[in-house]
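Examination of the molecular architecture
Chain by chain, the residues run as shown.
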Amino acid sequence: MAMTLSERRADYDVLIIGGGVNGTGLARDLALRGLRTLLAERNDLAFGASGNSSGMIHGGPRYLTAHPEVTRSSCLDSGYIQRIAPHMIFRIPFIVPIYGNGAQARVKLDAFDAFFSEYDRYQPLKRGKAHTRLKPDEAARVVPGLNTAKMAGCVTFDEWGINGTRLCVANALDAEEHGATVLIHTTVEKVHVVQGRVTGARLRDRLTGAAREVTATVVVNASGAWGPITAELAGLPGRVKVRPGKGVHLVLDRPVTDVAVNATSIDGRMIFIEPWENTALIGTTDDDTYADLDDLPVTTDEVRYLLEGVERVLPRVREARVVGTTVGARPTLYGWGKYEDELSREHEVIDHAAHGAAGLYSLVGGKLASYRLFAQEAADRIAPTLGNHTPCSTHRSALPGGEHPADVDALAERYGVARYAAQRIVSRHGSRAAQVLGEGGRGGRRGELRGRARQRRHALLLDVVGQRQRHDGDRGAGIGRRRAELGQHAVPREHRGRGVSPVGGRALHVTGEVCAEEVLEGHA
């Protein structure tokens, strides 16, 4: 006698909808616990806020006065992320200029000094350095060109940066290596709920048009700012609410400064400029958006707003050229009657059993810095419902490439590449860099590219991109951002900014008037 759908074993224990940092982080956590996990992402991994953030694994100083326990957990988790992905992490010292004359300015400087003295208590949890207090002339030596007119002084504090796109890819790779299935360019058309319980979903490959039905005992909506739309697919309109906050960053053609500098925008918001590899980022805006989340625009007004604010503290920013922008929508927890900056950056796990859809969960809110903790909290709730009581291990188990340190000098010598090129590959692939260089090092395809470059000296397919695709699972995550990275870091300065627009499909090609030999040698 044929079994009914409810009697069959589901194809998967958990279906996760969304390939941002929360979705990929949860997929990794569940896979490490031994659960059969499927992740479906309708675009590329890190398509939304995760791949367009400020890229900071910070300690949450904004919560220090009202919610110090949040600051502590943020610093603790920053330390865990550094432990599992040491090759991806880089230090970002911040400097905060305080302007004004007289007693009021001195009191403000003293207040900042006291605040960061309290923050110093948590810095050891994330290997951060203690804050310092600088006089105007000392600050000018740290940041040449800093506006010191009417400056009372500065305070410094220490944070850490990471490439959000690569963090998502690493979590997805590790999930796959522990048995999970990760599908990109795969949209969820319907979440099935039968007799008050979720049973699975209908998926469609956006490249081929092929549809398929999958069954799952648990379905998790981890689609970020798209969360309310995904909930409607399960017949739950209005049960998930977020206030999408549009965040824009400007990408400059040079670092401009060796440390991050805080500034104030015309409306009093705190903005910043930070060095980012061989470029600089200026960010960020925070505005309610009702636009199409798949195609958020960046306006000239937003560009001017950010440049104007930074220019007041660092006038020489105008010497740099804006070569790109990033834009994403933060999945901020919903709140009515508040300014955007007043909204909570906390996270929440919604169990939709109370809404007639047992087994369906939504992850709402959150930020890059606390993704691992958010994933652990969600997995701790979901796994026991599936009879799995395996404890979380994501804070101890290294992400791909983080297993052991890589010797950059030895790799450069062994594979005949510039040290700079080897360092950049290590920053992405860590201890697995030798596998990448081994396929693209001396001779082979690399030698072929050199020969063609000498003959034609114009646009070529870069072999290193092929290595990235193979070792990133051929998933094309963050294509536009990757092309921009290659354009800014591996291309001679006179050609930077050319040919870095996003492309479609799964293959990644880089074109432009640049010699492949120069790219492969890592000249900049």
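The numbering scheme is per chain: residues are counted from 1 as the chain's sequence reads. At least 70 in pLDDT is required for a residue's local features to be given in this predicted model, at least 80 for side-chain atom pairs to be given and counted, and no such filter applies to totals for whole chains, interfaces and linings, which use all residues. To obtain the side-chain values, all non-hydrogen atoms of the structure were included, while hydrogens and water were left out.

Let us look at the overall build of the chain. Numbering of helices and strands runs from the N terminus; a helix is a DSSP stretch of H or I covering at least four residues, while a strand is a stretch of E covering at least two. When helices and strands are tallied, the chain shows 15 helices and 17 strands. Burial classes: relative accessible area under 20% of the type maximum marks a residue as buried, over 50% as exposed, and values in between as partly exposed (1.4 Å probe, protein chains only). Evaluated residue by residue, the chain yields a buried proportion of 57% over its 524 residues. Only the protein chains shown count as cover for residues, and the accessible areas themselves come from Shrake-Rupley with a 1.4 Å probe. A total of about 22,300 Å² of accessible surface is found on the chain, and carbon and sulfur atoms cover 51% of it.

For salt bridges, the criterion is a side-chain nitrogen of Lys or Arg within 4 Å of an Asp or Glu carboxyl oxygen. Under the definition given, this model contains 25 salt bridges. Note that D174 and R28 form a salt bridge whose closest N and O atoms lie 2.6 Å from each other. Of this pair, D174 sits in helix α5 (residues 164-177) while R28 sits in helix α1 (residues 21-32), and the two are 146 residues apart along the sequence. Comparing D174 with R28, the two get one shared label, buried. Between R141 and D137 there is a salt bridge; the shortest N-O distance is 3.7 Å. Linking R141 with D137, this pair stays in helix α4 (residues 136-142), spanning four residues, or about one helical turn. The exposure class of D137 is partly exposed, given its relative accessible area of 45%.

As for its placement among the helices and strands, D158 is situated in strand β5 (residues 151-161). When residues no more than four places from it in sequence are discounted, the contact partners of D158 are R91, I92, P93, Q123, K126, R127, G128 and K129. Note on definitions: a residue-residue contact is assigned when non-hydrogen atoms from the two residues lie within 4.5 Å.

To continue, consider the packing of aromatic side chains. Between 30 and 60 degrees the pair is tilted, below 30 it is stacked and above 60 it is edge-to-face, where a pair is any two Phe, Tyr or Trp rings, Trp via its six-membered ring, whose centres lie within 6.5 Å. Evaluated as defined, the whole model comprises seven aromatic pairs. Here the aromatic rings of F115 and F116 are separated by 5.0 Å at their centres, their planes lie at 85°, and the arrangement is edge-to-face. Through a chain of ring-to-ring contacts, three or more aromatic side chains come together here, namely F94, F115, F116, Y119, F157 and F272. We call a charge positioned above a ring when the Lys NZ or Arg CZ atom is no farther than 6 Å from the ring centre and deviates by at most 35 degrees from the ring normal. The ring of Y334 has K241 lying over it, and the distance from NZ or CZ to the ring centre is 4.9 Å.

Here we take up the nonpolar core. Nonpolar cores are built from buried Ala, Val, Leu, Ile, Met, Phe, Trp, Tyr and Cys residues. Side-chain atoms within 4.5 Å join them into one set. Counting residues in each nonpolar core, the largest one holds 33 residues, and the members touching the most others are I95, L252, I273 and I282. Of all the secondary-structure elements, those providing two or more residues to this core are β5, β10 (242-252), β11 (260-264), β12 (270-276), β13 (279-283), α7 (300-311) and β15 (322-333). Element by element, the count of residues in this core is highest for α7, at five residues. Not counting residues within four places of it along the chain, the set of residues in contact with I282 comprises V248, H249, L250, L252, F272, I273, L306, L307, V310 and V317. Residues I16, V218, V220 and A383 belong to the second largest nonpolar core, which totals 28 residues.

Taking burial as the measure, the six residues of strand β17 (residues 360-365) include six buried ones, the bulk of the element. Note: two strands are recorded as paired if DSSP finds a minimum of 2 bridges between them. With three bridges connecting them, strand β9 (residues 211-221) and β17 associate as parallel partners. In the strand pairing of β17, V220 is matched with Y361. The sheet contact formed by strand β16 (residues 347-351) and β17 spans five bridges and is antiparallel. Directly across from V349, in β17, lies its bridge partner L363.

On to the environment of G128. Take G128: it is sitting in the loop between α3 (102-119) and β4 (132-134). For G128, a relative accessible area of 18% translates into the label buried. It is 9.2 Å that separates the C-alpha atoms of G128 and G79, two residues lying 49 residues apart in sequence.

Among the five residues of β13, five are classified as buried, and the element is accordingly described as predominantly covered. Side chains of β13 alternate between two faces, with T279, L281 and G283 and A280 and I282 buried alike. Looking at chain direction, β10 and β13 are connected through three bridges and run antiparallel. Its bridge partner lying in β13, V251 is registered against L281. When β12 meets β13, the two strands line up antiparallel, connected through five bridges. By the bridge assignment for β13, E274 is matched with L281. Here β12 folds back onto β13 in antiparallel fashion, the turn holding two residues, of which E277 has a positive phi close to 55°.

Coordinates in, geometry out; function isn't part of it.
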